[in-house]
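# Coordinate analysis (summary)
Read off the chains here:
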Amino acid sequence: MAAQILRCLSCANAKPVLAQYRLLVRDKRASQHGPASSARCCFWTIPALSLNLANPIRNANPVRAILRRYRPRMSAHGLHVAEDEGAVAPGSEWDSELYRMATKQFDVAAELLGLDQEFRVRLRDPRRALVVNFPVRMDSGRTASFTGYRVQHTLTMGPTKGGFRYAPDVSLGECAALSMWMTWKCALLGLPYGGAKGGVRCTPADLSDAERERLTRRYAAELIPIVGPDQDIPAPDLATGEREMAWFMDTYSQQVGYSVPGVVTGKPLVLGGTTGRREATGLGVVYVLEAVCERMRILLRDARVAIQGYGNVGGVAARELHAIGARVVAISDASSGVVASGDGGLDVAALDLWVAEHGSLAGYPDAEHVAPADVLEVPCEVVIPAAVSRAITADNAERLDCRLVIEAANGPTTAEAEAILLKRGIPVIPDVLANAGGVTVSYFEWVQDQQRYSWDELEIHERLRRQLRAAYGRVTDAVDRLQVDWRSAALSVAIERVAEAARLRGIYP
Ligand code: NAD
């Protein structure tokens, strides 16, 4: 008999299970089957499924019998079953911590909606991905090879949209997760896009400006077959900004022979960028936070806020919150965390000056210094993770001392952490709503590029506020109607919309 593999998507364990299986099923907590941390893995999930398995276990071929009978339930529990040892489990090419997080969230919302199996299949895995390896001439004269990705999650809603990032841990699985979240974000905001995400695995701080330009241009050239203003429209993300968007747009335009401003958003104003894009994500976080605080009866004007990340998103949020009277009691970048010594909060203008002069928060004199991640645990009303994914985990969730978490970063809270926070009565306002200001103003930029017409700042801000308020309303309606947490509510609204579009379009051919 061919060996069978049970793959647990929570821990990426894949084990041939034949003789062992009987033991695994019976001996629910046998420590020899894995370290204590295997609590989330298949050895525990199978027993949970095995409550009704008395007969199949006595079967001559228990594994096959169990698989045949319980395959659908196993899939629902995140177990993938492959027929042969050498077989690749469906979807395993996307496998990563972040992708497992995204699909787990999808499964919860799909269950909540009672989503038809057809749409679970059609919406779960990304539709298209491009992986490229390309050479870049470094300043030293040596040639380095880089790996870049672009993942398009769904083509159902229109062109795809999402940023590209430069970071040492960029991977196909990470881009897949982020592209899926982009789909839900766009759907929640009512934007005519599917989600996409990309990036190049590199250490951006090690690149000179000239190397960065060559890398960006080559990455753009590699992506030409799948990007375009009606196909897929990249935007800034971690360690990319206006400069990279200008290079990307120029490279694309050189290839097609005329200027195509609508191929990227987040461009400099003079190249067809929009007023308000740079601040849009941070500003949007504050707009959503204002609405949430109103609902939770928190006086934001006087609230204490702790922020992880002092880049585009965290920096703008800090300035805006400071301007409306909130106290930024702690903030961090990758180099250091700073915590206000007094009750009044940090002097954000002084922090800006320091960073402009010294490049980072390290050494800032008028505050206590802590590790970057520790700012999340400073007592306050609002915690804003605005830097990296998986910042709030089961390891620190118990120590957060706040009334709410609002996700400015993408995927900063793991499922385990969120369960702990919810149990403690701390709501998590999900990324798909909280940081959607960026893609919303990107959409405005794209529309202006298509129209060859510019809107003024007031119009942008008004439209942004209106669009976010409407999405906020859809989420709170779902929270109240379904009596669920904010993330499940937001995802169910978004998934329902995309599933409806998929249903109406049908399956080609
Ligand atoms: P950025 O590169 O401008 O800033 C990132 C900041 O995080 C920097 O201050 C960096 O020093 C800091 N940082 C990095 N690692 C850290 C760590 N371990 N601890 C503390 N700080 C750390 O990036 P950004 O554009 O501000 O993006 C931040 C997050 O927001 C990302 O998750 C991104 O995907 C998400 N996001 C960005 C946009 C956008 O428009 N830029 C839109 C939606 C979501």
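Conventions and cut-offs
Sequence positions are assigned chain by chain, starting from 1 and proceeding in written order. The predicted nature of this model means local features are confined to residues of pLDDT at least 70 and side-chain atom pairs, given and counted, to a pLDDT of 80 or more, with totals for whole chains, interfaces and linings taken over all residues. Note that water and hydrogens are dropped before the side-chain values are worked out from all heavy atoms of the structure. Strands are runs of DSSP state E lasting at least 2 residues, helices are runs of H or I lasting at least 4, and numbering of each runs from the N terminus. Each residue is assigned to one of three classes by its accessible area relative to the maximum for its type, calculated with a 1.4 Å probe on protein chains only: buried under 20%, partly exposed between the two thresholds, exposed over 50%. Any two residues whose heavy atoms approach within 4.5 Å at even a single point are treated as in contact. Each accessible area is a Shrake-Rupley estimate made with a 1.4 Å probe; only the visible protein chains count as cover when residues are assessed. Only buried Ala, Val, Leu, Ile, Met, Phe, Trp, Tyr and Cys residues count toward a nonpolar core, and they belong to the same one when joined by side-chain atoms within 4.5 Å. At least two bridges found by DSSP between two strands is the condition for calling them paired. An axis is simply a line fitted to the C-alpha atoms; with a helix, the fit covers only the stretch in contact. Between two such axes, the angle follows the N-to-C directions and lies from 0 to 180 degrees. Side-chain atoms alone can form a polar contact between residues adjacent in sequence; in general such a contact is a pair of N or O atoms within 3.5 Å, and within protein one must be able to donate a hydrogen while the other accepts it. Residues are classed as near a molecule or strand on a simple rule: at least one heavy atom within 4 Å of it. Any Lys or Arg side-chain nitrogen found within 4 Å of a carboxyl oxygen on Asp or Glu counts as a salt bridge. A clockwise path from the first strand over the helix to the second, with the strands pointing away from the viewer, defines a right-handed crossover. What a helix should span is 1.5 Å times the count of its residues minus one. Bend angle per residue: angle between axes fitted to the 7 residues ending at that residue and the 7 residues starting there.

This part is about the overall build of the chain. Each helix and strand in the chain was counted, giving 17 helices and 15 strands. By the burial criterion, 56% of the 509 residues in the chain qualify as buried. For the chain, the share of sequence-separated contacts (at least 6 apart) that also reach a separation of at least 24 residues comes to 68%. Surface exposure of the chain reaches about 21500 Å², of which carbon and sulfur atoms provide 50%.

Take the nonpolar core next. The nonpolar side chains of a soluble globular protein tend to be buried, and buried together. In this structure, W184, L188, I331, I384 and I406 are the most contacted members of the largest nonpolar core, which totals 101 residues. A total of 13 residues in this core trace back to one element, the largest contributor, which is helix α7 (residues 172–189). Core analysis: the next-biggest nonpolar cluster, separate from the first, contains 24 residues, F134, F146, A220 and F248 among them.

We now examine the sheet that holds strand β4 (residues 128–137). Taken together, 5 strands build an open sheet; the order of strands is β4-β5-β7-β6-β8 and the sheet is mixed. With one partner strand each, in any of the chains shown, β4 and β8 (232–236) form the two edges of the open sheet. For this sheet, the mean angle separating the axes of adjacent strands, direction not counted, is 20°. When strand β5 (residues 143–152) meets strand β7 (residues 194–201), the two strands line up antiparallel, connected through 6 bridges. Paired with Q152 across the bridge in β7 is A196. Seen against the sheet, α7 touches β4, β5, β6 (160–167) and β7 and runs at an angle of roughly 150° to β7.

Residues V382 and I384 line one face of strand β13 (residues 382–385) and the alternating positions V383 and P385 line the opposite face, and both faces are buried. Relative to β13, strand β9 (residues 304–308) runs parallel, the two being bridged by 4 bridges. Bridging from a neighbouring strand, A306 pairs with V383 of β13. One ladder, built from 2 bridges, connects β13 with strand β14 (residues 404–406); its direction is parallel. Across the sheet, the residue bridging to V382 is L404, located in β14.

Attention now moves to the environment of V170. Within the fold, V170 resides in the loop between β6 and α7. Judged by relative accessible area, which is 0%, V170 ranks as buried. For V170, the residues in contact, after removing those within four places along its chain, are Y149, R165, C175, G199, V200 and R201.

So, on to the sheet that holds strand β15 (residues 428–429). Note on sheets: strands pair through backbone hydrogen bonds, and any given pair is parallel or antiparallel. Here 7 strands make up an open sheet; going across it, the order is β12-β11-β10-β9-β13-β14-β15 and the pairing mixed. Taken across any chain shown, the strands that pair with only one partner, and hence form the sheet edges, are β12 (368–370) and β15.

Looking now at the side chain of K267. Along the polypeptide, K267 turns up in the loop between α9 (242–256) and α10 (277–296). A distance of 2.8 Å separates the side chain of K267 from the backbone oxygen of P261, its partner in a polar contact.

Now for the site of the ligand. Surveying the vicinity of the ligand reveals 23 residues, the closest of which are T281, N312, V313, A334 and N410. Measuring from an oxygen atom of the ligand, one finds a side-chain N or O atom of R165 at 3.0 Å. For the ligand, an oxygen atom lies 3.1 Å from a polar atom in the side chain of R277. In isolation the ligand has 820 Å² of accessible area, and contact with the protein removes 81% of it.

Under the definition given, this model contains 31 salt bridges. The closest approach of N and O atoms between R120 and E111, which form a salt bridge, is 3.0 Å. Take E111: its relative accessible area is 51%, and that puts it in the exposed class. The salt bridge involving R503 is made with E500; its shortest N-O contact spans 3.0 Å. Note that R503 and E500 are positioned in helix α17 (residues 486–505) at a spacing of 3 residues, about one turn of the helix. On the basis of relative accessible area, R503 is assigned to the partly exposed category, the value being 47%. According to the relative accessible area criterion, E500 is partly exposed, its value standing at 35%. Bridged by salt links that share partners, the residues R165, E174, K197 and D237 form one connected network.

Attention now moves to the pairing of β7. A large share of β7 lies buried, amounting to 7 of its 8 residues. Here 6 bridges tie β6 to β7, and the two strands are oriented parallel to one another. If you follow R165 over to β7, its bridge partner there is G199. In this fold, the crossover linking β6 to β7 by way of α7 has right-handed handedness.

Within the secondary structure, Q448 is located in helix α15 (residues 437–451). For Q448, the residues in contact, after removing those within four places along its chain, are T274, Y453, S454, W455 and I460.

Turning next to unusual backbone geometry. Outside of glycine, negative phi angles account for most residues, and trans bonds account for most peptide bonds. Following Y508, the chain continues to P509 via a peptide bond in cis, the omega torsion being 5°. In this structure, P509 sits in the segment after α17. The backbone phi angle of R390 is positive, close to 55°, even though this residue is not glycine. Tracing the backbone through its elements, the reader meets R390 in the loop between β13 and β14. Using a relative accessible area of 32% as the deciding quantity, one classes R390 as partly exposed.

Turning to α10, a few remarks are in order. Compared with an ideal rise of 1.5 Å per residue, which puts 20 residues at 28 Å, α10 spans 29 Å between its outermost C-alpha atoms and is within 8% of the ideal. Where α10 bends most, the angle comes to about 30°, and this point is L283. Taken across its 20 residues, α10 has 14 buried, putting it largely inside the fold.

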